[in-house]
Amino acid sequence: MRSIFLLMSLSVLSACGDNADNSATAVSQVSTTAPKPAKCTITNNSIGDVTLGNTIAQVRLGHPQAVLTPLKDNEGVAFTSIKITPEIEIFAYTENTDTTNANNSEANPITYLSTASRVCKTADGVHPDMLLADAEQVYGAVQQIIMSEADAAQTAEFDEQPPELSFQIDDSGAFDLTDKSLPKITTDYQDGAKIKSIAVVNLPAEDVASTAQ
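1. Observations concerning the environment of Leu71
For step 1, the next point in the chain: Mapped onto the fold, Leu71 is located in strand β4 (residues 67-72).
For step 2, the next point in the chain: Residue classification places Leu71 among the partly exposed residues on the basis of a relative accessible area of 33%.
For step 3, the next point in the chain: What Leu71 contacts, discounting residues up to four positions off in sequence, is Val77, Ala78, Phe79 and Ser81.

See below:
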C-alpha cells in the first residue's frame, strides 16, 4: 500500500513538473515572439524624443548625454546633429525667429527633423535602409520620385504615406539620363532601391487638411 502511495505521489509531482515546464515554455514563447519596442520612434511631429517646435536648448537640457554638433548643408544652411546614442543620430533644422541675432539657433524652434538611423521606425515599421519595395507594402505604391533642383537628392512619395513624412532614397530612381532639366520626376526605381533617410516636416495646417482629403 505504501509503495502504491509513493508511486501516486511521484506521478503527481511529475505532472506538476510537466505543467511547470509547459508554462515556462509558453512564457518563453510569448516573450520571444512579442514585438520589441522601437529604440527610436518616428511620428508625424517627432523623431525619438526630439519634437518639432522644441529648441536646440531644450534638446540639450532633455538629453544631457547627447552630442550636439552644429553643421551646414550643401547650400550653406545651418543645422544641428543630435547624436543621442551611437545608433541614433537626428538632424534638426531651426527657424530663425530672432531677427536681432541670426546666429541664435539654440533658441529657435525646430521646423524639420531627419534621420538615417535604421533603428528609427515609424509606427508602421518603416525605417531607413528599408527596401523601397517593402515600404510599398505599408504605404502603397510609389506615387512619384523627385530629383530636386538644389542638390539632386531623390525623394519618394507613396500613395498612402503620412503627409508630414518625407522619404529620401539612395539615388536609385530610374530617370531619363538624357534629360538634363531639373527637377526630374519618375515612378520607376532600380532593383534594390532603399530608403536613405526619413524626415518629419512641419506642414501648415491647411496643407495637412488638403492632403487628407
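And the narrative resumes.
2. With respect to the state of the cysteines
For step 1, the next point in the chain: Taken as a whole and assessed by the stated rule, the structure comprises one disulfide.
For step 2, the next point in the chain: A disulfide bridge connects Cys40 with Cys120, and the sulfur atoms are separated by 2.2 Å. Measuring handedness by torsion sign, the sulfur bridge of Cys40 and Cys120 sits at about 90° and is right-handed. Remark: Cys120 occurs in strand β8 (residues 120-122) and Cys40 occurs in strand β1 (residues 40-42); sequence separation between them is 80 residues. Both residues of the pair, Cys40 and Cys120, count as buried.

3. Concerning helix α3 (residues 132-139)
One full turn of an α-helix is made of 3.6 residues, so residues set three or four places apart face in the same direction.
For step 1, the next point in the chain: The set of residues buried in α3 consists of Leu132, Ala135 and Tyr139. One side of α3 carries all its buried residues, which in axial view fall inside an arc of 55°.

4. Re the sheet that holds β4
For step 1, the next point in the chain: One open sheet accounts for nine strands, arranged β4-β5-β6-β7-β13-β11-β10-β9-β12; its pairing is antiparallel. Every other strand in the sheet has two partners, leaving β4 and β12 (184-186) as the edge strands with one partner each. With strand direction ignored, the average angle separating the axes of adjacent strands in the sheet is 25°.
For step 2, the next point in the chain: In this sheet, strand β7 (residues 110-115) lies alongside strand β6 (residues 88-94) in antiparallel orientation, the contact comprising five bridges.

Calculation criteria
Residues numbered from 1 in each chain as written. Predicted model: local features only at pLDDT ≥ 70, side-chain atom pairs only at ≥ 80, totals over all residues. Heavy atoms only, no water. Helix = DSSP H or I, 4+ residues; strand = E, 2+ residues; numbered from the N terminus. Buried < 20%, exposed > 50% of the residue type's maximum accessible area, 1.4 Å probe, protein only. Contact = heavy atoms within 4.5 Å. Disulfide = S-S within 2.5 Å. Arc of directions from axis to C-beta. Pairing = 2+ DSSP bridges. Axes fitted to C-alpha atoms, helices over the stretch in contact; angles between N-to-C directions.

Nothing here speaks to function; it is geometry throughout.
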